[in-house]
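Report on the structure
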Amino acid sequence: SWGLKRINLSVAWAITDGDPETVVAVLDTGCESGSGDLAGQVVDEWDFVDDDDTAQDEAGHGTMMAGLIAGSADGLGIVGVAPGVKLICGRVASGIGVAEYGTIAAGVDWAVESGASVVFIGFGGFGLGEGLAQLEEAVEEAAAADVVVVAPSGSAGGANLDLFPAAFGPAVIS
């Protein structure tokens, strides 16, 4: 929990640990919604890869991200930065973390339609391949609907690369 201390989260938690009316969408490799720190936190899920209603996480990355966001404060395991919020999980990437921009766009659209206040996209790409314009449109429509979109800008140790969707500009927080 050194990270929580590092970002001085106790000050924020003195105000709120998250509103249960706030829904955060996690678009990643899926999430293990019924176990551990996510039990009771996930209110909806969809698998855009297999087109079914179970966003089974074959890689663990989405589950880890969901836990960092809203892992329950049950005294076991980790606690997320906002354990009071609810999650919806969309599997938009394969078990090896490969995703198509069009699939991510469909996830963003679903998250907005499902009432998410925040959409977290757990990865980025270099803007190659089909569907990039579709993703940009989905992100812009989410922003126009007052939905906050968050995506990583990279962890390549200072490499100056544009990663999408973070590189779309002010519509995405990275």
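Our subject in this report is the structure included herewith. All values reported here derive from a predicted model rather than from experimental measurement.

The rules we used
Starting afresh in each chain, residues are numbered from 1 along the sequence in its written order. It should be noted that, the model being predicted, local features are given only for residues of pLDDT at least 70 and side-chain atom pairs only at 80 or more, the latter also being counted only at that level, while totals for whole chains, interfaces and linings use all residues. Only hydrogens and water are set aside; all other atoms, that is, all heavy atoms of the structure, feed into the side-chain values. For the purposes of this entry, the term helix denotes a DSSP run of H or I that reaches at least four residues, the term strand denotes a run of E that reaches at least two, and both are numbered from the N terminus. For every residue, the accessible area obtained with a 1.4 Å probe (protein chains only) is divided by the maximum for its type, and the residue is called buried under 20%, exposed over 50%, and partly exposed between those limits. Cysteine sulfurs are considered disulfide-paired once they come within 2.5 Å of each other.

Focus: unusual backbone geometry
Here the residue pair Phe164 and Pro165 is connected by a cis peptide bond, since its omega of 15° sits within 30 degrees of zero. With respect to the element layout, Pro165 can be found in the loop between strand E5 (148–150) and strand E6 (172–173). Positioned with a positive phi, Asp51 is a non-glycine residue whose angle comes to about 55°. If you trace the backbone, Asp51 turns up in the loop between strand E2 (42–47) and helix H3 (61–70). Its identity as a non-glycine residue notwithstanding, Asp146 has a phi of 65°, on the positive side. Here Asp146 shows up in the loop between helix H5 (132–144) and E5. When its relative accessible area of 68% is taken as the criterion, Asp146 is described as exposed.

A closer look at the state of the cysteines
Summed over the entire model, instances satisfying the criterion amount to 1 disulfide. With a sulfur-sulfur separation of 2.1 Å, Cys31 is cross-linked through a disulfide to Cys89. Disulfide Cys31 to Cys89: torsion about the S-S bond roughly 110°, handedness right-handed. In this pair, Cys31 is assigned in the loop between strand E1 (23–28) and E2 and Cys89 in strand E3 (residues 86–91), connecting sequence segments 58 residues apart. Under the relative-accessibility criterion, Cys89 is labelled buried at 0%.

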